[in-house]
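Structural overview
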Amino acid sequence: MSMPTSASAAASTFAAGSSPSDDHIMLELNIANQPFTLTNWYKKMNWISTIALIFPPVFGIYGFFTTPIDSRTFLWSVIWYFCTGLGITAGYHRLWAHRSYSASWPLRLALMLCGTGAVEGSIRWWSAGHRSHHRWTDTEKDPYSIRKGFFHSHIGWMMFKSDPKKKGRTNISDLNQDPIVVFQHKHYLPLMIFMSVVFPTLVSGLGWGDYRGGYFYAGLLRLVFVHHATFCVNSLAHWIGDQPFDDRHSPRDHVLTAFITMGEGYHNFHHEFPADYRNAIKWYQYDPTKWLIRVCHFVGLAFGLKQFPENEIQKGVVQQKQKMLDRCRARIDWGIPLDQLPVMEFDDFNEMAEQQNLILIGGVIHDVTNFIGVHPGGKALMKSGIGKDMTAAFNGGVYDHSNAAHNLLSQMRVGVVRGGMEVEIWKRAQREDKNVDLVRDTNGVPIIRANAHATKIPSPGTLAPAS
Ligand SMILES: [Zn+2]
Ligand SMILES: [Zn+2]
């Protein structure tokens, strides 16, 4: 969310050196790219925005200590806080910047007037910056990129000049079709002064005679709260919370940010589905901006509310969960993948087993040297299997081992036997169930589903039928 900036300084060029014949033309470093010094710091400041940010809190605090609070003025300040905040969230943001719904002219007029009272620049200027923020999130062209730090994304980007060459440009020609937007842009300054200070002062002054309280509380201090509440969308909502829809960029969902920003805190959802008129999709989540739009829709002031299909939203949720799962999977040692194990003949296995503690299960050779002593079934049982094909015994012939046992077994793999009977069974299992060891996650790690190990025989037929 944003505030007005002064006109950007155009980059200028000059001939390097004193000689006019010198053909080495260098670009002068834009003031935004020059380091801070004692002599240039004031040139780097965006003074209009800085004053608009500093004046209200300084004078507001003075007013707080010198003006008694009238309960009616306090209530009016809270009401005007919500009106001007919603003017930004429901008007500037969701209606004009994102066109997530349409509004009849009385609603557009009301949102424009309220939003103007939040002193965050004209709708055209604000929407251009916000569309850039969405288009170039977290990059150099993002006007309030969190990658440049919390302070920059909160207010720093307004206080200091930025390099115009790094500005991400967007199209806002659609906004020129709205006469209310054009009117506001043309007459922004008087409208802004009236809606931010004069109007709230007049309401409490003419209403109950509290001009001074209206000026300080409903005017200045209310403005400070609206400013920093909405600025939190650019800073806090890119700083704390979860990323249930996509984590490639910084936007996050957090209930605290939602409470501060009138529902704009479900920012991960918003960046993923910016054309949706909602930020919170669950009924119990705090999104008063969405509730206002719904009420306006109910009474016929708003229409064409855009909403992403639930099926599409769930796709993103599942994909993000899968991504997180893949990360967990990548941290786990699943044993040497079958396709990386040396392939040997059955006779070679027999020969090697005379020297080493090798057991064949499911066509896969396992070195059980370190496990003989700890096998729950006892040492003798393990030793009796050395050099043998224990597929049937492992899969129910002696004991139908657990999924965990197959997982553990995979850590002991040292080779596979070519064309072994169990390997053929494994191949058949793959044909019947395409998921078996054929699927790899996004990190290239084979996915072994529970009870789908190469060493697991789908339907052990070795048990003697009950008689
Ligand atoms: Zn954002
Ligand atoms: Zn947005």
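Because the structure is predicted, anything quoted here is derived from the model rather than measured.

This part covers the nonpolar core. By size, the foremost hydrophobic cluster in this structure holds 53 residues, and its most contacted members are Trp 96, Leu 111, Ile 123, Cys 232 and Ile 293. Looking at this core, the elements that each hand over two or more residues are helix 3 (71-97), helix 4 (105-116), helix 5 (123-135), helix 6 (150-159), helix 8 (188-208), helix 9 (211-234) and helix 12 (288-298). The element contributing the most residues to this core is helix 9, with twelve residues. In this structure, Cys 232 is in contact with Ala 237, Thr 257, Ile 260 and Thr 261, ignoring residues within four places of it in sequence. Leu 360, Val 368, Phe 394 and Val 417 belong to the second largest nonpolar core, which has 17 residues in total.

Before going further, it helps to spend a moment on the sheet that holds strand 6 (residues 358-361). Spatially, the four strands line up as an open sheet ordered 5-8-7-6, and their pairing is mixed. Each edge of the open sheet carries a strand with a single partner, namely strand 5 (343-344) and strand 6. Sheet analysis places strand 6 next to strand 7 (residues 364-367), joined by four bridges and oriented antiparallel. The residue bridging Leu 358 from the neighbouring strand is Asp 367, located in strand 7. Across the sheet, helix 14 (residues 346-353) touches strand 5, strand 6, strand 7 and strand 8 (413-417), and the angle it forms with strand 6 is around 145°.

Our focus in this paragraph is the UniProt feature "transmembrane region" (unreviewed entry) in the protein. In the numbering adopted here, UniProt assigns the feature "transmembrane region" (unreviewed entry) to residues 45-65, 74-93 and 188-209. Between the C-alpha atoms that bound residues 45-65 there is a distance of 30 Å. The span itself is 90% helix and 0% strand. Along residues 74-93 one finds 100% helix and 0% strand; the C-alpha atoms at either end are 27 Å apart.

Once that is clear, we can look at the environment of Phe 194. Tracing the chain through its elements places Phe 194 in helix 8. Considering only alpha carbons, one finds Phe 194 and Thr 116, 78 residues apart in sequence, at a separation of 9.0 Å.

Reading the values: rules and limits
Residues numbered from 1 in each chain as written. Chains lettered and ligands numbered in written order. Predicted model: local features only at pLDDT ≥ 70, side-chain atom pairs only at ≥ 80, totals over all residues. Core = buried A, V, L, I, M, F, W, Y, C linked by C-beta atoms within 7 Å. Buried ≥ 20, exposed ≤ 12 C-beta atoms within 10 Å, placed from the backbone. Helix = DSSP H or I, 4+ residues; strand = E, 2+ residues; numbered from the N terminus. Contact = placed C-beta atoms within 7 Å. Pairing = 2+ DSSP bridges. Axes fitted to C-alpha atoms, helices over the stretch in contact; angles between N-to-C directions. UniProt positions renumbered as here; feature names shortened; annotations may be inferred.

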